[in-house]
Amino acid sequence: MESFLNARAEELVPGGLMVLILAAVVPDGIPLSNSYVGVFNNILGSCFNDLAKMGVLSEEKVDSFNLPTYNATPKELEAIIRTNGNFTIEKMEKLSQPRRRITANEYASGIRAGIDGLIKKHFGDEFVDEIFNYFTTKVEENYSIIEEKIRNVRNLFISLKRFA
């Protein structure tokens, strides 16, 4: 985030505005393990471990896989922006998001759309379908937990102004 803010500060003229819409964990203080991201990481990790035990994936590949994601809390984002020192926060608010109930398959498909490329690059194209089929099964088994945790993810609207 620091690199992103520094790069945008170089691009914006003094006094220029930037708007960000970022996913954040709401409310503040929820441990990562109890958040939507934590549940997702646990399910995906258990898929990889199970597939390694079955001999589908190598343990070495599973152990070396890194999914660089993190959803900050609003307080964390505010602290990062203030520490960066290139911007003032003009406005930060949680966006209300009416959500329709999605199925476990739709959820798994959405995750696949976001990380398919990382999975292909790390594990190889030949394993992608098997990984995501297994992931979809695990999502179906744990969907009530996912639904409960997904309520704690909200998009934040953040308007920043480049210091003059």
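Here the structure is shown first, and the text comes after it.
The model shown is predicted, which means the values in this text are computed figures rather than measured ones. (Residues numbered from 1 in each chain as written. Predicted model: local features only at pLDDT ≥ 70, side-chain atom pairs only at ≥ 80, totals over all residues. Heavy atoms only, no water.)

### Some points on the environment of Ser46
Line of reasoning, step 1. On the secondary structure map, Ser46 appears in helix α2 (residues 36-53).
Line of reasoning, step 2. Accessibility expressed as a relative area gives 22% for Ser46, which makes it partly exposed.
Line of reasoning, step 3. With 13 residues separating them in the primary sequence, Ser46 and Glu59 have C-alpha atoms 12 Å apart. (Helix = DSSP H or I, 4+ residues; strand = E, 2+ residues; numbered from the N terminus. Buried < 20%, exposed > 50% of the residue type's maximum accessible area, 1.4 Å probe, protein only.)

### Remarks on the packing of aromatic side chains
Given two aromatic rings, one states the distance between the centres and the angle between the planes to describe the pair.
Line of reasoning, step 1. Summed over all chains, the structure comprises 6 aromatic pairs.
Line of reasoning, step 2. Ring plane angle 35 degrees and centroid distance 5.4 Å describe the contact between Phe65 and Phe123, whose orientation is recorded as tilted. Of this pair, Phe65 sits in the loop between α3 (59-64) and α4 (74-84) while Phe123 sits in helix α5 (residues 104-123), and the two are 58 residues apart along the sequence.
Line of reasoning, step 3. Aromatic ring contacts, followed pair by pair, group Phe40, Phe132 and Phe135 into a single cluster. (Phe/Tyr/Trp six-rings, centres within 6.5 Å; stacked < 30°, edge-to-face > 60°.)

### Digging into the nonpolar core
Line of reasoning, step 1. Judged by nonpolar contacts, the single largest core of 29 residues is most densely connected at Phe48, Tyr107, Ile119 and Phe135.
Line of reasoning, step 2. Broken down by secondary-structure element, the contributors of at least two residues to this core are α2, α5, α6 (128-141) and α7 (143-150).
Line of reasoning, step 3. With 10 residues, α2 is the single largest residue contributor to this core.
Line of reasoning, step 4. In this structure Tyr107 touches Tyr36, Phe40, Ile102, Phe135, Val139, Tyr143 and Ile146, once residues within four positions along its chain are discounted. (Core = buried A, V, L, I, M, F, W, Y, C linked by side-chain atoms within 4.5 Å. Contact = heavy atoms within 4.5 Å.)

### A short note on the pattern of salt bridges
A side chain of one charge can pair with a side chain of the opposite charge when the charged atoms of the two come close.
Line of reasoning, step 1. Taken as a whole, this structure holds 8 salt bridges when the rule is applied.
Line of reasoning, step 2. Linking Asp129 and Arg112 is a salt bridge whose minimum nitrogen-to-oxygen distance equals 2.7 Å. Of this pair, Asp129 sits in helix α6 while Arg112 sits in helix α5, placing them 17 residues apart in sequence.
Line of reasoning, step 3. When its relative accessible area of 47% is taken as the criterion, Asp129 is described as partly exposed. (Salt bridge = Lys/Arg side-chain N within 4 Å of Asp/Glu carboxyl O.)

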